[in-house]
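Structure assessment
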Amino acid sequence: MMSIDNKEIRESGEAPVKRKSMSRRQFLTYTLGGTGGFLAGIPLISHLRFAIDPMLQPKADSAWVKVVEESQISEEPKSFSFKVHQIDAWYESDPQLEAWISRSADGKIFALSPVCKHLGCTINWNNNPEFVNEYFCHCHGAHYTKDGKNLAVAPNPLDEFSVKLENGFVYLGKIVPNTKY
Amino acid sequence: MLTKVYNWIDERLDITPMWRDVADHEVPEHVNPAHHFSAFVYCFGGLTFFITAIQILSGMFLSLYYVPDIINAYASVDYLQHKVAFGVIVRGMHHWGASLVIVMMFLHTLRVFFTGSYKSPREMNWVVGMLIFFVMLGLGFTGYLLPWDNKAYFATKVGIQIAGYTPVIGEYIVNLMQGGQIVGASTLTRFFAIHVFFLPGALLALLGAHFFMIRKQGISGPL
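Below or above, wherever it landed, is the structure these notes cover. Each chain has its residues counted from 1, following the order in which its sequence is written. For this description, chains carry letters from A and ligands carry numbers from 1, given in the order in which they are written. Since the coordinates come from a predicted model, pLDDT governs what is reported: local features require at least 70, and pairs of side-chain atoms require 80 or more to be given and counted, while whole-chain, interface and lining totals use all residues.

For the rest of this paragraph, the subject is the sheet that holds strand β8 (residues 135-137) of chain A. Residues and elements named next belong to chain A. The strand order across the open sheet formed by four strands is β7-β8-β9-β10, and the pairing between neighbours is antiparallel. The open sheet has two edge strands, β7 (123-125) and β10 (150-152), and neither has a second partner. A strand pair is defined by DSSP finding two or more bridges across the two strands. Helix numbers and strand numbers start at the N terminus; a helix is a DSSP run of H or I with at least 4 residues, a strand a run of E with at least 2. Sheet topology places β7 next to β8; three bridges connect them, and they run antiparallel. Note that in β8 the partner of Asn124 across the bridge is Phe136.

Structure, rendered in C-alpha cells:
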C-alpha cells in the first residue's frame, strides 16, 4: 500500500506527506534488529567473558617457603633452589625455583631472582672471567653487580624475592622489584 | 556512522551487488509462514544451519581451554566448565546444540521427503544433504569421546566395536579408528583432529554446495 502511495506522490511531483508515526519499515528494523541483537548478544557476551576469564583472575598469592638456615648465608652469593606450589589452570605442580642469596655490606640477607631483566634468560654468579664478582647472562651479555644493579644491556636491576627470617631460617616469598635501586 | 563506513567501502569495491546477490531473493508464498502458518516446516533447514553456526562458535571458544590428551582432557573440561566464567553456558550450548542439530536436521529431512522436494531436478541436493547428515553423525560420534570420562570412553568402545562387525575389513576399520590396538591416547587425538579439522572442513564444503544448489534451483513448488 505504502509503496503505491509513494509512487503516486513521486509521479504527481508533490512533496511526500510527513508522518508523525513510525514507518512500518522502521518498526520492523527496530523490532527485528532488537530481537536479533538480543539473541546474538547473549551467547556473544557469555563467549567473550569465557575467553577473557584468565585476564580477570586475581594474581595468585605466593606463600612463604623455607629455603635455608640463616647461618649458611655469607657475603658471597650462593644459589639455592626451592619448590613452590603452582596452580596452572587444571595443572597443579611444584616447580623448582632458584634464588641467589647473600648478605649485603650491612649484614642484611637478600635474595635475587635469577631471571635476567633483559629478555628473561637465567643469570649466573661469577661465570664470566671478564666480569669478576658480577652476575652475568650468557644470552646477550647483560651483567649486574652483587646487589643486582644493571650495568649493561638490561634495562632494570634484578628482581628480589621478599625475605622473611624466622627461627634461624630464611623464608622466601613473592618476587618484587629490586629494593636497592 | 556505519552508513558512512559502508558507503566508503562500497564506493571503492562496489560490494552492494555481492550481498544483494546472496540476500535478495524471492520467498514464494507457499513457504512463507506469514501466508500459511503450516509453512513453518520450511524453517528447519535454516534452523539446522543456525545451530551449526552456534556449534562452530562455541566449539572455537571451548578449544581455548580443551586439550586432547588422556591425562589432561577430563581435567581441562572440568576446569573450563566449573572454574571459567560462563563455562557452563559455553559448554552447555555445545552439548545441547549437538543433539538439537540432529533433531533439526531430521525434521528438515522429513519436510524434504514429504514435500517430495528431493525429486528431479533436485536429486543431487538430496545426496549432498545425506552426506551432510553422515558428517554430522561423525561430528557427534567423535565429539562424544573428547571429555574422556567413562561415558565417553565406553560409548566410543561400543561404537568402534559396531564398526568392527563389518565383514572382512572390520578389524582394519577398528585399528584405523582407534589409531592403535586400544581406545587410548592416539584415539583421543585422532578423534579430536577429526572433530575440529577434518569433518568441519568437509561440512563447510558440503553446506556450500547445498546452499549453492538450492539458490540455483530455487525452492520446490507447492504441494
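There is more to say after this.
Residue and element names in this part refer to chain B. Contact pair helix α5 (residues 87-114) / helix α6 (residues 123-145): the axes reach a minimum separation of 11 Å and the direction vectors enclose 160°. By the angle between their axes, α5 is roughly antiparallel relative to α6. Between α5 and α6 lies a crossing of left-handed hand. On α6, the residues touching Ala98, Val101, Ile102, Met105, Thr109 and Val112 of α5 are Trp126, Gly129, Phe133, Met136, Gly140 and Gly143. To obtain each axis, a line is fitted to C-alpha atoms, and for helices this fit is confined to the stretch in contact; angles are then taken between N-to-C directions over 0 to 180 degrees. Every angle not falling under 35 degrees, over 145, or within 65 to 115 is termed oblique; those three ranges are roughly parallel, roughly antiparallel and roughly perpendicular. For any pair of crossing helices, the crossing counts as left-handed if the nearer helix is rotated counterclockwise from the farther one by less than a right angle, and right-handed if it is rotated clockwise. Contacts here follow a simple rule: the backbone-placed C-beta atoms of the two residues must lie within 7 Å.

A few words now on the interface of chain B and chain A. Opposite the 17 residues of chain B that make contact, chain A presents ten residues. Of all the elements in the fold, those that place two or more residues in the side of chain B that touches chain A are α3 (44-62), α4 (73-82) and α5 of chain B.

All right, on to α4 of chain B then. An α-helix turns once every 3.6 residues. As a result, residues three or four positions apart point the same way. A residue is called partly exposed when the number of other C-beta atoms within 10 Å of its own lies between 12 and 20, exposed at 12 or fewer, and buried at 20 or more, with C-beta atoms placed from the backbone. Buried within α4 of chain B we find Ala73, Ser76, Val77 and Leu80 of chain B. Down the axis of α4 of chain B, the sector holding all buried residues measures 100°, keeping them to one side. In this description, one arc is meant: the one made by directions from the helix axis to the C-beta atoms.

Cis peptide bonds are those with omega within 30 degrees of zero, and the linkage from Ser120 of chain B to Pro121 of chain B qualifies with 5°. Not every positive phi belongs to a glycine, and Val153 of chain A is a case in point at roughly 65°. You can see Val153 of chain A is positioned in the loop between β10 and β11 (160-166). Positive phi outside glycine occurs at Asp14 of chain B, with the angle close to 55°. For Asp14 of chain B, the position within the fold is in the loop between α1 (2-13) and α2 (16-23).

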